[in-house]
Amino acid sequence: MRVGILGPLQVAGCAVGGARVRALLVRLALDPGRVVTTDRLIDDLWPGEAPAHPMAALQSLVSRARREAPGVISSHPAGYVLDVPPGEVDAWAFERLVRAGDVRRALALWRGPALADAADLPFATAPAARLEELRLTALATRIAADLTTTITTATAPATDPADDPAAGPAADPAGSADPAARGAGLVAELEGLVAAYPFREPFHALLMRALITQGRRAEALALFERIKAALAEELGVDPGPELREAHLEALRDAEPKSNLPARLTSFVGRSEDMSRLKGQLGRARLVTLVGPGGAGKTRLAVEVAAGLHVPDGVWLVELATATGVRAALEGALRTTDPVRALRGTAPLIVLDNCEHVIDEAATTARTLLSEVAGLRILATSREPLDIPGETLHHVLPLPEGKAAELFAERAAAARPDLRVEPEEAARICRELDGIPLAIELAAARLRTMPLSVLVRQLGDRLAFRGGRTSEPRHRTMRAVIDWSWNLLSDRERELLRGLTVFSGGATYEAISQVCGGDLDLLSSLVDKSLIAVSGDRYTMLETIRQYAAADLPELRQAHARYYTELAETADPHLRTGEQLKWLAVLDAEQGNLDAALRHSDDPLRLILPRFWPWIMRGRHREISEQAASVLRRVGDVPPPGRELAHGICRVLAGFAPTEAVLGSDHPAALNSWALAGVGTPADVVSITERQAARLRDHPDLWIRSAALLGAGIVRFEYGAVAGAEHLLEPAVDGFRTVGDRWGQWAGLFWLSLVAENRGDFATAVALAEEPERLATELSGLDTALGPMTFLIRVGQLKGRAGDHAGAARALERAWESAVRSEDRAILARVMHARAELARRTGDPDQAARLLEAALALDVEVSAQLRAYMNVELARVREPREPLRRALELMATCSDRTARATVLEGAAEHLEPEAAAELLGAARALRGIDESADPHVNELAARCRAALGEHGYRSASARGAAMPNPERYALRPLSSP
């Protein structure tokens, strides 16, 4: 506000002095933007006796005001104007906000008594009184709203405001998330107002209501008697309607009316649902909890209702065994006319289990809400009531952590002596779809069986039985689903059975093609909580799938044909710039593709388009397992037209490639034998290089690039490193041209390994950073080649290249990710990399501590990593034992570069001749003539200085010819 008169005068940016000047500005502010005549101003400012020269005095006063508050007063032939829009004078803004109903913002404008600087002048008396009356009315309105909020949102359990935006400050104007504290604050505020305004009835009525909410009914009644007597004695009047209504409220029963059952067990896992439901009931009059059977809708509704403070009563109307909704309602309310009984009150009714009487429940709810303005309804149903004003709250299965907590608590009740590990509880709950009833039924069985037996029984979850007093429809999970099944039409049952052929959900297109189900039927099954919509897919809980599953051979084959055709459609796009889009499609359909492969009458047809998605996602074990499974089904003789697919399956199962495979240019045939590791190293090198030569002029650039990639990888893997770059570089160029990110990633990754192998760490860093980006884009790569591994590798390479700061940043990111993942194997890898960096930056003690901690971790890591850690430890501690362990680990290892790294590390600690021999052996394993690694070259230079050039070359040649250099290196380490 530019001008404030609700309290001491304020003019924005100005310090106004002098009582008469301030009074002038207050007077003009009562009529902002309008001319106040000079006569009016003289009369108002000098009400007793005007000065000798009133016009001159007024002009002098205006001049002073203009100096102290520039730009505020304008002249007019008839008088003066406060040149400020009305909305920028707080008194005018206050009145406008009150009229608009925004009493909180209006009251926030007050700073003290209105027109305080003109309090002794007659012109201010009436406006100040009017503004004060308006303030008191607004204050009563604000307190009434706060009191209503306190009454309707009070809950017994504590909730976190972060769970629900409605629980934040904007929805809690009374200022406290704790209903008890909020109510106490209102009582204190009203007691002050009653003392200040002893005959103002609205404040007394509000104080009585606030006392009632605090359980202080006797004090409310005593307050009424005091104000009644005071009004009669001082004013000769009786209490007005507000006070009489508050008196009647105080005379009602002390406890809220309710027929809710008392709690028998703890309530676990639904705090967020309770918080959101509380917010929904504050905004809507009908909230329906929908969800599958056994999800806990009734228990959640009862817990929420029990936690609300509803003076006019909370009534549970159970419909599960009712013959009619009206009869159940009349029985719960003990009246033959529910509308008449409820009218004029604000109760909460819980309509429980509406689904089997859904039409009558909907009609009854609409009638009640229309006739009883203060009524709220909390309904539970497996499908919506579908009436105006309904807000849905989906009660989903419990998330894994909450489900495991529920299982552990119920298991402890059944077997107090039994300890269930969190991982085991989580696994059981995943099998049970997180359905609370299924979890409770399973936990109860621990009373009579070991945990291991229960785990084996999870496949028969539908038969798990509840206690003697359980309702028949909740006695088993089968009975729970029977309840829903019996409400379906024949066509709905047929479609639900058909949906069981899908695995992991399905799109509408897939369902319409395979099952022929129409959208209306699907929507009906969603409404009835038997299937759900997630993104663009329809999904089904495994428990419901088990119930509805049937032998549907024709549908199974239709399913297999659909997903085979989908894989074939996706296949060519995987080798283009649309790769990510189609990989995402295949990832989403992996469960269906696996099911199609299991059930198809022609599984070999599906093997071909699935080959490269498996490779691109790093699922090498899955490839060989699926190939072996298909071969067992089709036998040793390929069906006509399926020779290529049959041959690829044989290769992936470990057999030699057939001519159908060797001569094919099909994408699935490329490098399949190399990826499967079939044959001797010489055979693999020969086959891949012949293939690359044969396909050198192939018209398809992707085919040419893939052949080059396979040949380059094989060269590096089997020691012919020198020519690997000449194959990998054009392969990467080709993949870039066609837009294949996976091909680029693979080519650059192996080029980085080639550069690292020859000790060119700067080039290796540059080549490794781009694959990190591509791996993130692909996002579904096997975790062994995921982003954390790239960060570790980049950090190590930067450290070896001399970029210690860049290495530290990369390894810090890797450490943070590893800690979040709780993957102890990754933690060990990061600790090893950080130890190496600590040594390189001059902190050997820190390096030793990190390495000893990493080696002490009780975790499975590769022999290569354990050997590397021991080599690094030998550099900062006594070397003999760590080196011996590293060499023993490498004695039977097939990883040539790992063996070379360990031999180079051992050479650091041996006499010059033995060191030169190990350097020669390492160079032969790497397949290089000379290393670019500064550390290796420094060691070689020391050997040359001690042995001479001829002696060094001879020793190096002997080492290169050694069949088992690790055993040779162990001899000096074994001697005392």
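Note that the structure is predicted; figures quoted are calculated from it, not measured. Every chain begins its residue count from 1, and numbering advances along the sequence as written. Only residues with pLDDT of 70 or above have their local features reported here, since the model is predicted, and side-chain atom pairs are shown and tallied only from 80 upward, although totals for entire chains, interfaces and linings are computed over all residues. Calculation of side-chain values draws on the structure's entire complement of heavy atoms; hydrogens and water are dropped beforehand.

K.L.:
Can you explain the overall build of the chain? Please cite residues and give values.
P.N.:
Secondary structure elements follow DSSP: runs of H or I of four or more residues count as helices, runs of E of two or more count as strands, with numbering from the N terminus. Counting secondary structure elements, the chain contains 47 helices and 13 strands. Taken over 976 residues, the chain has a buried fraction of 50%. Partitioning the intrachain contacts of the chain with sequence separation of at least 6 by distance along the chain shows that 68% fall at a separation of at least 24. Per-residue and other accessible areas were derived by the Shrake-Rupley procedure at a 1.4 Å probe size, with only the shown protein chains allowed to occlude residues. Of the roughly 44100 Å² of accessible surface on the chain, 52% is carried by carbon and sulfur atoms. Between the mean site of the 114 positive side-chain charges and the mean site of the 131 negative ones, the chain shows a separation of 1 Å. A 1.4 Å probe rolled over the protein chains alone gives each residue an accessible area, and that area as a share of the maximum for its type sets the label: buried under 20%, exposed over 50%, partly exposed in between. What makes two residues a contact is simply this: any of their non-hydrogen atoms within 4.5 Å. When charges are tallied, Lys and Arg are placed among the positive residues and Asp and Glu among the negative ones, while His and the ends of the chain are skipped. To locate a charge, take NZ of a lysine, CZ of an arginine, CG of an aspartate or CD of a glutamate.

K.L.:
Break down helix H26 (residues 579-588) for me, with residues and values.
P.N.:
Since the α-helix packs 3.6 residues into each turn, any two residues three or four apart lie on the same face. Among all positions in H26, only Gln579, Trp582, Leu583 and Leu586 are buried. Projected down its long axis, H26 shows its buried positions confined to an angular sector of 105°, all on one face. The directions from the helix axis to the C-beta atoms are what the arc is built from.

K.L.:
An account of the nonpolar core is requested, with residue identities and associated values reported.
P.N.:
What we call a nonpolar core is a set of buried Ala, Val, Leu, Ile, Met, Phe, Trp, Tyr and Cys residues that are connected through their side-chain atoms within 4.5 Å. Counting 121 residues, the largest nonpolar core has Phe407, Leu496, Leu499, Phe502, Tyr563, Ile648 and Trp742 as its most contacted members. Element by element, the count of residues in this core is highest for helix H36 (residues 741-757), at ten residues. Leaving out residues up to four positions away in the same chain, phenylalanine 502 has contacts with Ala510, Ile511, Val514, Cys515, Arg545, His559, Tyr563 and Asn592. In this structure, Ile42, Ala114, Leu147 and Leu206 belong to the second largest nonpolar core, which totals 74 residues.

K.L.:
A description of the side chain of arginine 22 should follow, citing residues and the corresponding values.
P.N.:
Take arginine 22: it is sitting in helix H1 (residues 19-29). Taking the relative accessible area as the measure of exposure, arginine 22 reaches 16% and is therefore buried. In terms of polar contacts, arginine 22 uses its side chain to reach the backbone carbonyl oxygen of leucine 9, at 3.2 Å. What arginine 22 contacts, discounting residues up to four positions off in sequence, is Pro8, Leu9, Val16 and Asp117. Any pair of nitrogen or oxygen atoms within 3.5 Å is treated as a polar contact; in protein, a donor-acceptor pairing is required on top of that, and neighbouring residues in sequence qualify only through side-chain atoms on both sides.

K.L.:
Tell me about the packing of helix H9 (residues 217-235) against helix H10 (residues 241-251), and name the residues and values.
P.N.:
Relative orientation of the contacting elements H9 and H10 amounts to 150°, with a least axis distance of 9 Å. The angle between the axes of H9 and H10 places the two elements in the roughly antiparallel class. In terms of crossing hand, the pair formed by H9 and H10 is left-handed. For the pair H9 and H10, contact is made by Arg217, Ala220, Leu221, Phe224, Glu225, Ile227 and Leu231 and by Leu243, His247, Glu249, Ala250 and Leu251, respectively. By residue class, the composition of the contact of H9 with H10 is eight nonpolar, one polar and three charged. Each axis is a line fitted through C-alpha atoms, taken for helices only over the stretch in contact, and angles between the N-to-C directions span 0 to 180 degrees. Convention used here: angles under 35 degrees read as roughly parallel, angles over 145 as roughly antiparallel, angles from 65 to 115 as roughly perpendicular, and any remaining angle as oblique. Left-handed describes a crossing whose near helix is turned anticlockwise from the far helix through less than a right angle; right-handed describes the clockwise counterpart. Any residue that is not Ala, Val, Leu, Ile, Met, Phe, Trp, Tyr, Cys, Pro, Asp, Glu, Lys or Arg is counted as polar, Gly included; the first ten are nonpolar and the last four charged.

K.L.:
Describe unusual backbone geometry, listing the residues and the values that go with them.
P.N.:
Its identity is not glycine, yet asparagine 353 carries a phi of approximately 65°, on the positive side. Following the sequence through the fold, asparagine 353 ends up in the loop between strand E8 (348-352) and helix H15 (358-371). A positive phi is found at aspartate 433, a non-glycine position, where the angle reads about 65°. The topology assignment puts aspartate 433 in the loop between helix H17 (422-431) and helix H18 (436-444). Classification of aspartate 433 as buried rests on a relative accessible area of 17%.

K.L.:
Please provide a residue-by-residue account of the sheet that holds strand E3 (residues 35-37), values included.
P.N.:
Pairing between strands is defined by DSSP: at least two bridges between them are needed. The strand order E3-E5-E4 describes an open sheet built from three strands, whose pairing is antiparallel. Single-partner strands in this sheet number two, and they are E3 and strand E4 (73-76). In this sheet, adjacent strand axes meet at a mean angle of 35° when their direction is disregarded. Two elements, E4 and strand E5 (residues 79-82), share four bridges in a ladder whose sense is antiparallel. Residue histidine 76 lies in a different strand from E5, and its bridge partner there is glycine 79.

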